[in-house]
Each structure stands twice: as C-alpha cells, then as structure tokens.
Amino acid sequence: MSDVQDIISGKAILIDLPNPFDAGKPWYVKQPEDYLYDLAQAVQDAAIAKAQADKTIQSVAHLPPSDMWIWRQENAIRIADERIAELEAKKEAIDPLEAVELATKRAYRERLISPKDYSRAQEIVTKFAIKRFEAWLMPRLIVSKEGDLYCDPDTEIGKRRWSALSEDQKTVIKGLFYRALDLESIAKN
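These numbers come from a predicted model, not from an experiment.

Participant: If you had to explain the overall build of the chain to someone new, which residues and values would you point to?
Facilitator: What the chain contains, in helices and strands, is eight helices and three strands. In the chain, the order of α-helices and β-strands from amino to carboxyl end is α-β-β-α-α-α-α-α-β-α-α. Along the longest, intermediate and shortest principal axes, the C-alpha atoms of the chain span 50 × 50 × 30 Å. By the burial criterion, 35% of the 189 residues in the chain qualify as buried. When contacts within the chain are restricted to residue pairs at least 6 apart in sequence, those whose partners lie at least 24 apart make up 68%.

Quick look at the structure:
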C-alpha cells in the first residue's frame, strides 16, 4: 500500500545517475503541480496551432502516417487492450493499485488514435508539439532533495544546467518524467 501512498503524496522519483549539479547528492523528478501541467498543455496547444498553420506540413495532410507510427500505434493499442483484459479478468480479486491502473489504462486506451483516422501532417504536428511540451515542462521538475529546482529555465544558471545535461542524461530523465506524469494521473483517478 506504500506505492499508493507515494503516488497520492506526490513523492518525487529519484534520478539514478550521478548528480552533475551537487556531487554526491540525490536529485529527483517531481510530479507536476496542476498549474505547471496546465501551462505545459498550453505550450503544446500553441505548438500544435503553429505547426498546423505551416504550409509545408499541410502539404502532406493527404498522406497516411508513416509505417513506424502505424506500427507503434497498433502496438500500443494491442498492449493496452491486453493489460485491460488481464486486469478485468481479476474481477473482485483486483487490488487497489491495480484498480487505479485499470482506470488509467482505460482512459489511456480511449486516447489512442486509430491509424485509419490519422494523416502524416497530424503525425508531424503531434511530434513537434510533444517535443515543445517536454522541453517546457521537464526542466521545471528536476529538483534537489529539498525540492529546489536545478534547471529553472527562468534563470540563467537553470538554462545553463539544462543545456549542460547530455542527451543520455536527458533520455533517462525523460523516462522518469513520463513516470511522474503517470503517477500524477493515477493520483487524480
């Protein structure tokens, strides 16, 4: 039950890499507060609007999405459907954390898009917008044990710190970032 408590309490997730800002000290990805998440969504919406207006992107609106996108989407649908069926099969034996996971998986599954309802332009726009969402929100969630921001993009030192992180470090942080978003979603359900 401590997992549920950690989720509800908004516990930050340890970044299991050496801390480049405070040697030897732990650093974390915290769950976003509602207002930060809402602002990140606004940044994503603005990126969508900007990309949709681009004539080059619109020139591929009649094309289907890429084969890779179709494969990833069909795979995500299959995996979600399998996990939902597995959890539903537990009926009354489902534990509280699994019940929350089931609700989250159902909501996630509803958001998955069928490849036949999508275009190459939508694929490009979505990828562009997600990158803007991540770039805006991720640095705002990297904190010390005390909760102080390491990469605050509103400060020069925060910008330099974020820029100094390697792509490998950012890849690890990105995985934890999405885990933090999942925990936030579970906590709200």
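So, next bit.
Participant: Talk me through unusual backbone geometry; I want residue IDs and the actual numbers.
Facilitator: Backbone geometry places K91, a non-glycine residue, at a positive phi of 45°. Inspection of the secondary structure puts K91 in the loop between α4 (67-88) and α5 (96-111). The class for K91 is exposed, based on a relative accessible area of 60%.

Participant: Go over the pattern of salt bridges, please, and point to the residues and values.
Facilitator: Counted under the stated rule, the structure contains twelve salt bridges. Where K30 meets E33, a salt bridge forms, and the shortest distance between an N and an O atom there is 3.1 Å. For K30, a relative accessible area of 18% translates into the label buried. Classification of E33 as partly exposed rests on a relative accessible area of 33%. For E123, the salt bridge goes to R120, with nearest N and O atoms at 3.7 Å. Of this pair, E123 and R120 are both found in helix α6 (residues 120-137), three residues apart, which corresponds to roughly one turn of the helix. On the basis of relative accessible area, E123 is assigned to the buried category, the value being 6%. Overall, the relative accessible area of 29% leaves R120 in the partly exposed class. The network of salt bridges with shared partners includes R83, E86 and E101.

Participant: Please give an account of the nonpolar core that cites residues and values.
Facilitator: Membership of the largest hydrophobic core comes to 23 residues, with the highest contact counts inside it found for W27, L137, I142, L165 and I173. Looking at this core, the elements that each hand over two or more residues are β2 (27-29), α2 (34-52), α6 and α8 (167-188). With six residues, the top contributor of residues to this core is α8. Of all hydrophobic cores here, the second largest spans five residues; its members include A51, I57, A121 and V125.

Participant: Please set out the packing of aromatic side chains residue by residue, giving values where relevant.
Facilitator: What the rule picks out here adds up to six aromatic pairs. Ring geometry for F133 versus F177: centroids 6.1 Å apart, planes at 55°, classification tilted. Of this pair, F133 sits in helix α6 while F177 is found in helix α8, placing the two residues 44 residues apart along the sequence. Assessed through its relative accessible area of 1%, F177 is described here as buried. Of the aromatic side chains, those joined through ring pairs into one cluster are Y37, F133, F177 and Y178. Here the basic side chain of R140 rests over the ring of W136, its NZ or CZ set 3.8 Å away from the ring centre.

Participant: An account of the sheet that holds strand β3 (residues 142-144) is requested, with residue identities and associated values reported.
Facilitator: Reading across the sheet, the three strands line up as β1-β2-β3 and stay open at both edges, with antiparallel pairing between neighbours. Strands at the two margins of the open sheet, each flanked by one partner only, are β1 (13-14) and β3. Direction of pairing for β1 relative to β2: antiparallel, over a ladder of two bridges. For I13, the partnering residue across the bridge sits in β2 and is V29.

Reading guide: rules and limits
Residues numbered from 1 in each chain as written. Predicted model: local features only at pLDDT ≥ 70, side-chain atom pairs only at ≥ 80, totals over all residues. Heavy atoms only, no water. Helix = DSSP H or I, 4+ residues; strand = E, 2+ residues; numbered from the N terminus. Buried < 20%, exposed > 50% of the residue type's maximum accessible area, 1.4 Å probe, protein only. Contact = heavy atoms within 4.5 Å. Salt bridge = Lys/Arg side-chain N within 4 Å of Asp/Glu carboxyl O. Core = buried A, V, L, I, M, F, W, Y, C linked by side-chain atoms within 4.5 Å. Phe/Tyr/Trp six-rings, centres within 6.5 Å; stacked < 30°, edge-to-face > 60°. Lys NZ or Arg CZ within 6 Å of the ring centre and 35° of its normal. Pairing = 2+ DSSP bridges.

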